[in-house]
Amino acid sequence: MDKVRDLASKKAAVIFTKSSCFMCHSIKTLFYELGASPAIHELDQVANGREMEYALRRLGCNPSVPAVFIGGNYIGSAKDIISLHVDGSLKDKLIEAKAIWL
Amino acid sequence: MLRIASPRTDTSTDGDIDDKAPGFQSSQGMVVSDASERSRDQKTLRRLAQNREAARKSRLRKKAYVQQLESSRMQLTQLEQELQRARQQGKYISSSGDAQSISGNGALAFDAEYARWLEEHTRRANELRGALSSHAGDAELRIIVDSLLTHYDDIYRIKAEASKADVFHILSGMWKTPAERCFHWLGGFRPSELLKLLVNKLEPLTEQQLLAITNLQQSSQQAEDALSQGMEALQQSLADTLASSNAQSNSPGNVASYMGQMAMAMGKLGTLENFIRQADNLRQQTLQQLHRILTTRQSARAVIAINDYFSRLRALSSLWLARPRE
């Protein structure tokens, strides 16, 4: 969990993914589309990947990836991101965390 | 004794009843009759009255029977048309109505549930249409609109279950009519397209509303693109997995690698369900956000406009299926 929090605090937008996860690909694409440059951590490619995955699950992220953090705060998984994008809150959060500028 | 002509109560033109009793005059003459003639007249009168009544009842029964026949005939015609339509769409029609075989097939079960849902949805949309045209107040409209929005949730719940059972059926769009299938995207309609066709029908919109809807359209478009790209990555990866072939020999190494590839491909197919779920989530969120932006009256018009549009697509499908072919 500490590792997760630590990585999440290092950049305004942070996404935990797996190289085999295609929904992760979609969420990354959405962030790039919005002009954000999120830090991407592929849990199947890094050390402690499995531990971090368990930590994310305990946080309530199901499936464990993609897991999105903005401004160091856990935002949610794919479903949450899409819902927030539709009602405009995603953009607001990204602007507030200085992940994007208008 | 004076006999007065009794008034005729039955105005039928049936000529089979003789209304004229012997010894009876309807004009102003005076007729003298004795006691026996009187009792015979009374019996005759009573008999005639009963005849008239029986004839009248018989005519009413005949009328009711004919009406029933005609409505049955209409129903039969409708059923024949539906059957024809379903056959042309290649759906399986069981003549024995075997419940066992139908419930075992997720696709058939979903098609039936969808048809029921659609029928109910159309009924509610017509109710809304009626309320709008009879100038119902906002409060009443709100109730009907809210019930329709809640009803949308039902079909998404049903789709989620159906995707677990048979994701390829939902993905294929075979549960929709041909013309609707033209526009099929990831298991359903494309939200940004729906918004595009609604914008012109919702005027007058305030500046704020127009801005909000434009933003919503853009957000939806972005989410659609993101999901589409994820799907494409999945397809590419699946193709790569299956194409990475080894020599055809049956050496243990090759067989093991073949099975490994199949296992990987199976895993990839398993993620399709999530794409449909997210696409449906996008549809639900977009509709909910739209109705947050609109007034009650505008919401009502939006719901009706959507219903009309898809009705027309379905009608087009029927025409297409019934077209003369060489």
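Bear in mind that the values here come from a model prediction, so they are computed numbers and not experimental data. (Residues numbered from 1 in each chain as written. Chains lettered and ligands numbered in written order. Predicted model: local features only at pLDDT ≥ 70, side-chain atom pairs only at ≥ 80, totals over all residues. Heavy atoms only, no water.)

Peer 1: Give a description of the overall build of chain B that names residues and reports values.
Peer 2: Scanning chain B for helices and strands turns up eleven helices and zero strands. Reading the secondary structure of chain B in the N-to-C direction produces α-α-α-α-α-α-α-α-α-α-α. Split by element, the accessible area of chain B, about 20400 Å² in all, is 55% carbon and sulfur. (Helix = DSSP H or I, 4+ residues; strand = E, 2+ residues; numbered from the N terminus. Areas by Shrake-Rupley, 256 points an atom, 1.4 Å probe, with all protein chains shown as cover.)

Peer 1: Explain unusual backbone geometry residue by residue, including any values.
Peer 2: Note the cis peptide between A:Asn62 and A:Pro63, where omega equals 5 degrees. Topologically, A:Pro63 is positioned in the loop between helix H3 (49-58) and strand S3 (67-70). With an omega dihedral of 5 degrees, the bond running from B:Glu203 to B:Pro204 counts as a cis peptide bond. Within the secondary structure, B:Pro204 sits in the loop between helix H7 (191-199) and helix H8 (207-243).

Peer 1: Now, about the pattern of salt bridges: what can you tell me, with residues and values included?
Peer 2: When the charged atoms of two side chains with opposite charge come close together, those side chains can pair. Residues and elements named next belong to chain B. Going through the model one piece at a time under the given rule, you end up with 19 salt bridges over all chains. Across the pair Arg124 and Glu120 runs a salt bridge, and its minimum N-O distance is 2.8 Å. One end of the pair, Arg124, and the other, Glu120, are both in helix H3 (residues 106-133), four residues apart, so they sit about a helical turn from each other. Here Arg142 and Asp146 are joined by a salt bridge, their closest N and O atoms 3.2 Å apart. In this pair, Arg142 and Asp146 both sit in helix H4 (residues 138-165), four residues apart, roughly one turn of the helix. A residue is classified by how much of its surface remains accessible, and Arg142, at 25% relative accessible area, is partly exposed. Taken together, the salt bridges that share partners define one network made up of Glu120, Arg123, Arg124 and Glu127. (Salt bridge = Lys/Arg side-chain N within 4 Å of Asp/Glu carboxyl O. Buried < 20%, exposed > 50% of the residue type's maximum accessible area, 1.4 Å probe, protein only.)

Peer 1: Please set out the packing of H7(B) against helix H10 (residues 272-293) of chain B residue by residue, giving values where relevant.
Peer 2: Residues and elements named next belong to chain B. Running from N to C, H7 and H10 point in directions that differ by 30 degrees, and their axes come no closer than 10 Å. Taken together, H7 and H10 sit at an angle that is classed as roughly parallel. Judged by residue contacts, Pro191, Leu194, Leu195 and Leu198 of H7 engage Leu282, Arg283, Thr286, Leu287 and Leu290 from H10. Partitioning the contact of H7 with H10 into residue classes produces seven nonpolar, one polar and one charged. (Axes fitted to C-alpha atoms, helices over the stretch in contact; angles between N-to-C directions. Parallel < 35°, antiparallel > 145°, perpendicular 65-115°, else oblique. Contact = heavy atoms within 4.5 Å. Nonpolar A, V, L, I, M, F, W, Y, C, P; charged D, E, K, R; others polar.)

Peer 1: Explain the pairing of strand S1 (residues 13-17) of chain A to me, and be specific about the residues and the numbers.
Peer 2: Residues and elements named next belong to chain A. When you tally the buried positions in S1, you get five out of five residues, the bulk of the element. Across four bridges, the pairing between S1 and S3 is antiparallel. Note on S3: the bridge partner recorded for Phe16 is Ala67. Sheet topology note: the S1/strand S2 (residues 39-42) ladder contains four bridges and is parallel. Across the sheet, residue Phe16 finds its bridge partner in S2, namely His41. (Pairing = 2+ DSSP bridges.)

Peer 1: Residue-level account of the sheet that holds S3(A), with values.
Peer 2: Residues and elements named next belong to chain A. Strand order across the open sheet formed by four strands is S2-S1-S3-S4, with mixed pairing between neighbours. Edge positions in the sheet fall to S2 and strand S4 (73-76), since each has one partner strand and no second. Between one strand axis and the next, the sheet turns through 25 degrees on average, direction left out of account.

Peer 1: Go over a nonpolar patch on the surface, please, and point to the residues and values.
Peer 2: Residues and elements named next belong to chain B. Residues Leu242, Val255, Tyr258, Met259 and Met262 make up a contiguous nonpolar surface patch of roughly 480 Å² in combined accessible area. Of all the elements, helix H9 (residues 252-270) adds the most residues to the nonpolar patch, at four residues. In this structure, Leu242 sits in helix H8. The exposure class assigned to Leu242 is partly exposed, which follows from its relative accessible area of 47%. (Patch = residues over 30% accessible without salt bridge, like charges linked within 9 Å, V, L, I, M, F, W, Y side chains within 5 Å.)

Peer 1: Summarise the interface of chain B and chain A; cite the residues concerned and give the values.
Peer 2: Accessible area lost upon the coming together of the parts is a frequently used measure of interface size. Of the residues lining the interface, 23 residues belong to chain B; the matching set on chain A comes to 16 residues. Contact between chain B and chain A buries roughly 1700 Å² in total, counting both sides, with carbon and sulfur atoms accounting for 67%. Considering only the surface of chain B that becomes buried against chain A, B:Gln222, B:Ala226 and B:Gln278 emerge as the three largest contributors, covering 27% of it. Counting across the interface, chain B meets chain A through zero salt bridges. Inspection of the chain B/chain A interface yields six residue pairs in polar contact (both at pLDDT 80 or more). A per-element tally of the side of chain B that touches chain A places H8(B) first, with twelve residues. Within the side of chain B that touches chain A, the residues separate by chemical class into eight nonpolar, 13 polar and two charged. (Buried area = accessible area lost by both parts, 1.4 Å probe. Polar contact = N/O pair within 3.5 Å; in protein donor to acceptor, adjacent residues only side chain to side chain.)

Peer 1: An account of the packing of helix H4 (residues 78-86) of chain A against helix H5 (residues 89-96) of chain A is requested, with residue identities and associated values reported.
Peer 2: All names here are of chain A. Relative orientation of the contacting elements H4 and H5 amounts to 95 degrees, with a least axis distance of 5 Å. With respect to H5, the element H4 is oriented roughly perpendicular. Residue-level inspection shows Ile81, Leu84 and His85 of H4 in contact with H5, the latter providing Ser89, Leu90 and Lys93. Broken down by class, the residue content of the contact of H4 with H5 amounts to three nonpolar, two polar and one charged.

Just geometry here; none of it tells us what the structure is for.
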